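Okay, here's what each chain looks like letter by letter:
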2 protein chains.
Amino acid sequence: MIPNDPVEHLIALLSRLPGLGRRSARRAVLKMLMDPADKMLPLAEALHAAAEAVRPCETCGNLDTTSPCHICTDTHRDRKLVCVVEGVADLWALERAHAHRGTYHVLGGLLSALGGTGPDDLSITPLLRRIESDGIEEVILALPATVDGATTNHYLTDRLKPTGATITRLAQGVPIGGALDVLDDGTLAAAFKARRPL
Amino acid sequence: MIPNDPVEHLIALLSRLPGLGRRSARRAVLKMLMDPADKMLPLAEALHAAAEAVRPCETCGNLDTTSPCHICTDTHRDRKLVCVVEGVADLWALERAHAHRGTYHVLGGLLSALGGTGPDDLSITPLLRRIESDGIEEVILALPATVDGATTNHYLTDRLKPTGATITRLAQGVPIGGALDVLDDGTLAAAFKARRPL
């Protein structure tokens, strides 16, 4: 390899990001090096600024420049309606879809026997405390439709039942715009079973 | 969108890199935000360091921390043998392949009637000067096998002929490990025409 260390170091760091391999990291670095003042320094500044400014919301676990975050402090949102998600990525995805008019709660993971994640590793006690103190009426479990997601759904349902809040989960079925013949069998069977009258 | 500006700004900058779309930039930023001190600040530092340290080599146009670059100053390299490439990415690719034991010359582009790139936009006069001053014996044109590459090959051949240096170009044919039935017709026809006795 070419022994100019700052470049190799940068490529190595960039290629650790999801979605970037060594090859694409190298291309990206080369493109930036063509115009460092316009492409590299602003990115370095932006990384610095984001690292300085962004922190987890002490209420819901969202990442924002303020804590509590702008969702938790938004007075137009229904605080009786909380949506439980695995991570911040899911929260952002639901926000982009304008799917939810309440607040969120980031679990920070899923129960996983294999991964060694137990209830104490997740933000469950703070969720119970919020349900109590805010008088939350409905908890929407928006966890992934995986084995760990289902396990966590079951566990949370049991833990949350005594609070008296309604517990719901996202509907499962055929994705909008999805052709039937390319869907996996599990989704197809679940959608068939959960069919609804028109 | 979620109005935390430093994050959106960072996603916008990252998604301008080749190989990263908005979606993957968002994923990368989220992953970094999980651990800013370990993931974002080092990257910011590395970008800064590279932008500060790296400059184009005044001799060949390579990007390196020194000028002349480590290839131009390497006494083990044959200075009578120069390989002409379109850009630094091609130079690095040839270096990774250990294909060339001489020096390089980065043109900085290709002649293109459509793109409006003329001979004066490329590093041709410095190349002529190097051929003269270093007594270069062979110029290897390692330009892409495209229309613009072929145009530039022809133009350079005409310009370099008076120097007396031997002018060669890379062989074209079937890639190593390439199956014939998936190759494009142009490559197949060129490889057939340029067949060699065993």
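Each value, and the rule that gives it
Residues numbered from 1 in each chain as written. Chains lettered and ligands numbered in written order. Predicted model: local features only at pLDDT ≥ 70, side-chain atom pairs only at ≥ 80, totals over all residues. Heavy atoms only, no water. UniProt positions renumbered as here; feature names shortened; annotations may be inferred. Helix = DSSP H or I, 4+ residues; strand = E, 2+ residues; numbered from the N terminus. Domains from an automatic or database assignment. Expected span 1.5 Å × (residues − 1). Contact = heavy atoms within 4.5 Å. Pairing = 2+ DSSP bridges. Axes fitted to C-alpha atoms, helices over the stretch in contact; angles between N-to-C directions. pLDDT = per-residue confidence, 0-100. Right-handed = clockwise from strand over helix to strand, strands pointing away. Buried < 20%, exposed > 50% of the residue type's maximum accessible area, 1.4 Å probe, protein only.

Enquirer: Break down the UniProt feature "domain: Toprim" (unreviewed entry) in chain A for me, with residues and values.
Expert: In the numbering used here, UniProt assigns the feature "domain: Toprim" (unreviewed entry) to residues 80-175 of chain A. Structurally, residues 80-175 of chain A comprises 34% helix and 20% strand, and the distance from its first C-alpha atom to its last is 28 Å.

Enquirer: Describe the domain arrangement of chain A, listing the residues and the values that go with them.
Expert: Annotation of chain A at the domain level lists domain 1 (5-53) and domain 2 (63-169). On a C-alpha basis, the centroid separation for the pair domain 1 of chain A and domain 2 of chain A is 34 Å.

Enquirer: With reference to specific residues and values, describe helix H6 (residues 147-160) of chain A.
Expert: Side chains of residues three or four places apart in an α-helix project in the same direction, reflecting 3.6 residues per turn. End to end, H6 of chain A covers 20 Å across 14 residues, agreeing with the expected 20 Å (1.5 Å per residue, within 8%). In this structure, the buried residues of H6 of chain A make contact with strand E3 (78-85), helix H5 (125-134), strand E5 (138-141) and strand E6 (166-169) of chain A.

Enquirer: Let's hear about the sheet that holds E6 of chain A: which residues, and what values?
Expert: Within a sheet, adjacent strands bond to each other through the backbone by hydrogen bonds, running parallel or antiparallel. Residue and element names in this part refer to chain A. On the basis of which strands lie adjacent, the open sheet formed by 4 strands has the order E4-E3-E5-E6 and parallel pairing. The sheet terminates laterally at strand E4 (102-106) and E6, the two strands that pair on one side only. Ignoring which end each strand starts from, the neighbouring axes of this sheet average 25 degrees apart. Its contacts with the sheet place H6 against E3, E5 and E6, and it is angled at close to 170 degrees to E5.

Enquirer: Please provide a residue-by-residue account of the confidence of the model for chain A, values included.
Expert: The share of residues in chain A with pLDDT of 70 or more is 98%, and the mean pLDDT across the chain is 91. Least confident of the elements in chain A is helix H7 (residues 185-193) of chain A, whose mean pLDDT is 84; most confident is E4 of chain A, at 96.

Enquirer: Before we move on, can you summarise the pairing of strand E6 (residues 166-169) of chain B with the specific residues and values?
Expert: Residues and elements named next belong to chain B. Note: strand E5 (residues 138-142) against E6, 4 bridges, orientation parallel. The residue of E6 that forms the bridge with Leu-141 is Arg-169. In this view, the connection linking E5 to its parallel neighbour E6 by way of helix H6 (residues 147-160) has right-handed handedness.

Enquirer: I'd like to hear about unusual backbone geometry, residue by residue, with values.
Expert: With glycine set apart, most residues show a phi of negative sign, and most peptide bonds adopt trans. Residue and element names in this part refer to chain A. A cis amide bond links Ser-67 with the next residue in sequence, Pro-68, at an omega value of 0 degrees. With respect to the secondary-structure elements, Pro-68 resides in the loop between strand E2 (63-64) and E3. Even without being glycine, His-98 reaches a positive phi, approximately 50 degrees. Mapped onto the fold, His-98 is located in the loop between helix H4 (88-96) and E4. Owing to a relative accessible area of 68%, His-98 belongs among the exposed residues under this scheme.

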